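Coordinate analysis (summary)
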Amino acid sequence: AVFGQITGGEVKPPKEKKEKKERVRSPKPTFNRDSLSGSTFYLSGLVQHSYRHFEDQSVYNVHAKLNDQTPMVTGGATVGLLMPLAGNLSLDAGVTFFGHGEAYNFEDTESDSAYSYTNVYMQAGIPLKLRYTYGEDLQVFGFAGITPLNILSIRQKSNQTTMEGVSSDLGLEVFRDGFTTFNIMATAGLGVNYYVRQMGFFIGGEYRRHLGNTYSEDTFKRVHKMYGFGLNFGIQYRI
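Only a predicted model underlies this, so the values are computations on that prediction, with no experimental measurement involved.

Criteria and thresholds
- In every chain, residue numbers begin from 1 and rise along the written sequence.
- Totals for whole chains, interfaces and linings use every residue, but because this is a predicted model, local features are given only for residues with pLDDT of at least 70 and side-chain atom pairs only at 80 or more, for both listing and counting.
- For the side-chain quantities, the full set of heavy atoms in the structure was used; hydrogens and water were omitted.
- Put simply, DSSP H or I for four residues or longer makes a helix, DSSP E for two residues or longer makes a strand, and each gets a number counted from the N terminus.
- For every residue, the accessible area (1.4 Å probe, protein chains only) is compared with the maximum for its type, and the residue is labelled buried under 20%, exposed over 50%, or partly exposed between those bounds.
- Pairing between strands requires that DSSP locate at least two bridges from one strand to the other.
- Ring pairs shown here join Phe, Tyr and Trp side chains whose ring centres sit within 6.5 Å, with only the six-membered ring taken for Trp; geometry is labelled stacked below 30 degrees between planes, edge-to-face above 60, and tilted in between.
- Any Lys NZ or Arg CZ that is within 6 Å of a ring centre and within 35 degrees of that ring's normal is treated as a charge sitting over the ring.
- Residue contacts are counted whenever heavy atoms from the two residues lie within 4.5 Å of one another.
- The term salt bridge refers to a pairing of a side-chain nitrogen on Lys or Arg with a carboxyl oxygen on Asp or Glu at a separation within 4 Å.

1. With respect to the overall build of the protein chain
Looking only at helices and strands, the protein chain has zero helices and 10 strands in total. Order of helices (α) and strands (β) in the protein chain, N terminus to C terminus: β-β-β-β-β-β-β-β-β-β.

2. Re the pairing of strand 9 (residues 199-210)
Here strand 9 shows a clear split, with Gly200, Phe202, Gly204, Glu206, Arg208 and His210 buried on one side and none of Met199, Phe201, Ile203, Gly205, Tyr207 and Arg209 buried on the other. Sheet topology places strand 8 (residues 182-196) next to strand 9; 12 bridges connect them, and they run antiparallel. Within the sheet, the bridge partner assigned to Asn193 lies in strand 9 and is Phe202.

3. Comments concerning the packing of aromatic side chains
As enumerated under the stated definition, the model contains six aromatic pairs in all. Centre to centre, the rings of Tyr207 and Phe229 are 5.1 Å apart; their planes meet at 45 degrees, and the pair counts as tilted. With Tyr207 in strand 9 and Phe229 in strand 10 (residues 222-238), this residue pair connects regions lying 22 residues apart in the sequence. The residue whose ring lies beneath Arg131 is Phe141, and the NZ or CZ to ring-centre distance is 4.1 Å. Over the ring of Tyr195 we find Arg238, and its NZ or CZ is 3.9 Å from the ring centre.

4. A closer look at unusual backbone geometry
A positive phi angle, near 55 degrees, is found at Asn61, a position not held by glycine. Mapped onto the secondary structure, Asn61 falls in the loop between strand 1 (40-56) and strand 2 (72-86).

5. Concerning the side chain of Gln139
With respect to the element layout, Gln139 can be found in strand 6 (residues 138-161). Here Gln139 is in contact with Thr133, Tyr134, Gly191, Val192, Asn193, Tyr195 and Arg238, once residues within four sequence places are set aside.

6. A word on the pattern of salt bridges
In this structure the tally under the stated criterion is six salt bridges. A salt bridge links Lys129 to Glu206, with the shortest nitrogen-to-oxygen separation between them at 3.6 Å. A residue pair is termed long-range when its members are at least 10 positions apart, and Lys129 in strand 5 (residues 128-135) and Glu206 in strand 9 qualify at 77 residues. Take Glu206: its relative accessible area is 4%, and that puts it in the buried class. We note a salt bridge from Asp218 to Arg222, for which the minimum N-O separation is 2.6 Å. Judged on exposure class, the residue Asp218 and its partner Arg222 are both buried. Each of Lys129, Glu206 and Arg208 takes part in salt bridges that share partners, so that together they form one network.

Note that every value here comes from positions in space, so none of it alone points to a role or purpose.
In C-alpha cells form, the structure reads like this:
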C-alpha cells in the first residue's frame, strides 16, 4: 500500500481593495461686498492736451510773440484714496505730479530757417475732490474739486534749423524762478469703474484749469492761466 500525504497550501485571503481617500477641498473664499469699508486706493496715469489763456498786458507788447504758442500733450501720475462720506458721495484725496505745456514753432519762409521750443511746467499738488458714484461692479462717477499745487520748474527744450538746413538740438534748460510757485487748479470730470471682486480698473475725462496767474509777479505784465483736457486711467483696490 502506498501512503501519501496531501499537503494543502495556505488559503490566502482575497486582496483588500484600497479605499480611495477622498480629498477634502476647502471651500473657496466668497467675496462679500457688504464687508467692504467703502474706501478705495488707486494709482492713475494722465495724458493731457494742455494749453493756457494768455494776455499781453505790457505797455510795449513785450510778450507779443507768445501769442503764437500752441497746445501740446503732457502727462502725469496720481496716488490717491477714496473715502466714503454719505450715500454715494466720497472724498477723493491724494498726491499728484504732472506737467503742463505750451509749444512754439517759427519757420522763415524766405530763408528756410526755423526755431522751435516747448515749455513744460512741472507741478506737484494735493487733489481734493468730491465724487458721486453710481453702481456696484460697473460704476459711473462724476467729480469736482480743487488742487492746491506748487510749480516746481519750467523745462524748456529748443531746436534750431539754419538757412543751410542744418538742424541742431539746443538742449534742455530748467528755470526755477521767474514765476509764481503756488497756484490752485479747479477740476471736474466723468468716468467709469469696473471691478472684479476687489480689484478694479477705471478711465475718465477731466477738465483742469488754474485759477491763478503763473506770472503774477512779472515786471512786464501778462496773464498766463494754464488749462487742459485730460484722460485719466488706472487701477484701484477697494478695502
